[in-house]
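Coordinate inspection notes
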Amino acid sequence: MKIGVLGTGNMADALATQWVRAGHEVFVGGRDEQKARRLATRIGGGAGHGSLPAAADFGEVVLAALPYSAGADVVRELRPMLQGKVLLDCANPVGPGFRLRTEGGPSAARRLAAAAPGVHVVKAFNLCHEDVWRMTPPVFDGQPLSVPLCGDDEAALALARTLVRDMGCTPVAGGGLDRAGLLEATAALFIGLWVAEQVDVRAIAPPLAWATGPRAESA
């Protein structure tokens, strides 16, 4: 699969490195093309590098590893190159006090979709620190990490599921793009609990068998 990467930060590094290891072709694009070159060299595997438009044009799937504040503007500029493609959004619009910067408005993912109609946005990979995505594979207590996906286009979701599995993770249906805001709110909650309270968020939910309450034989 050809994957364009918009951005040269830690998430771009972690995810693109895994996809190169899985045999995909990657092209890194940045406003600073020297940073894009350095990242492509670090990723290895023949990864290409250049401008943001070049990365958008290259990929059948494009990763938007961009700050929330810049994402919609960049995607709007790249709309001609992104038409009909899959755009993976991993941004977390989390600000001071672990509050959502979307302020009750559209999610970061919905803002990208509005900036470039005709682009198939899928929300993914926003619930973990970049170093988790560098694990080969991300497995905890013998269980592969699950990755929720939110999107409206089934073909786009199928490609996203492939990229999740290629990292050794398990894709999970999170619903349509209208539910992407729930993933972003979950990230805000989790980050606040992890960082401010030092809480293991796995401890706040019961096992699946108990999700609807005690089973009859346990009552």
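Structure's up top.
All figures in this text were calculated on a predicted structure; none of them were measured in a lab.

The next thing to look at is the overall build of the protein. In terms of regular secondary structure, the protein is built from nine helices and 12 strands. Based on the C-alpha atoms only, the size of the protein along its principal axes is roughly 60 × 35 × 35 Å. In the protein, which comprises 219 residues, the proportion classed as buried is 45%. Counted over contacts in the protein with a minimum sequence separation of 6, partners at least 24 positions apart contribute 69%. Of the accessible surface of the protein, which amounts to about 10800 Å², a share of 53% is contributed by carbon and sulfur atoms. If you average the places of the 21 positive and of the 22 negative side-chain charges in the protein, the two averages end up 3 Å apart.

Here we have eight strands laid out as an open sheet, ordered β3-β2-β1-β4-β5-β8-β11-β12, and mixed in their pairing. Across the chains shown, the open sheet's two edge strands, defined by having one partner strand only, are β3 (48–50) and β12 (170–173). Across the sheet, the axes of successive neighbouring strands diverge by a mean angle of 25 degrees, strand direction being ignored. Taken together, the four bridges between strand β5 (residues 86–89) and strand β8 (residues 120–123) define a ladder with parallel strand orientation. Each residue of the ladder has a partner; that of Asp89, found in β8, is Lys123. Its contacts with the sheet put helix α2 (residues 33–43) on β2 (25–29) and β3, and the angle it makes with β3 is roughly 170 degrees.

Of the consecutive residues Thr136 and Pro137, the connecting peptide bond is found in the cis state with omega at -5 degrees. Relative to the elements of secondary structure, Pro137 occurs in the loop between α7 (130–133) and β9 (139–140). One non-glycine residue with positive phi stands out, namely Gln198, at about 55 degrees. Turning to its location among the elements, Gln198 is positioned in the segment after α9 (180–197). Gln198 sits in the exposed class, given a relative accessible area of 67%.

Quick look at the pattern of salt bridges now. Summed over all chains, the structure comprises 10 salt bridges. The residue Lys123 makes a salt bridge to Asp89 at a minimum N-O spacing of 2.8 Å. Note that Lys123 is positioned in strand β8 and Asp89 in strand β5, a separation of 34 residues in sequence. With relative accessibility at 0%, the residue Lys123 sits in the buried group. Since its relative accessible area comes to 2%, Asp89 is described here as buried.

The rules behind each value
- All chains use their own residue numbering, which begins from 1 and follows the written sequence.
- Totals for whole chains, interfaces and linings use every residue, but because this is a predicted model, local features are given only for residues with pLDDT of at least 70 and side-chain atom pairs only at 80 or more, for both listing and counting.
- Heavy atoms throughout the structure, all of them, feed into the side-chain values; hydrogens and water do not.
- Put simply, DSSP H or I for four residues or longer makes a helix, DSSP E for two residues or longer makes a strand, and each gets a number counted from the N terminus.
- Each residue's exposure class comes from its accessible area (1.4 Å probe, protein chains only) as a fraction of the maximum for that residue type: buried when under 20%, exposed when over 50%, partly exposed otherwise.
- Here, residues are in contact when the closest pair of their heavy atoms is within 4.5 Å.
- Only the protein chains shown count as cover for residues, and the accessible areas themselves come from Shrake-Rupley with a 1.4 Å probe.
- Only four residue types enter the tally: Lys and Arg on the positive side, Asp and Glu on the negative side, with His and both chain ends excluded.
- The location of each charge is read from NZ of Lys, CZ of Arg, CG of Asp or CD of Glu.
- Whether two strands pair comes down to DSSP finding at least two bridges between them.
- Between N-to-C directions, angles span 0 to 180 degrees; the directions come from axes that are lines fitted to C-alpha atoms, helices contributing only their stretch in contact.
- Every case where a carboxyl oxygen of Asp or Glu lies within 4 Å of a side-chain nitrogen of Lys or Arg is listed as a salt bridge.

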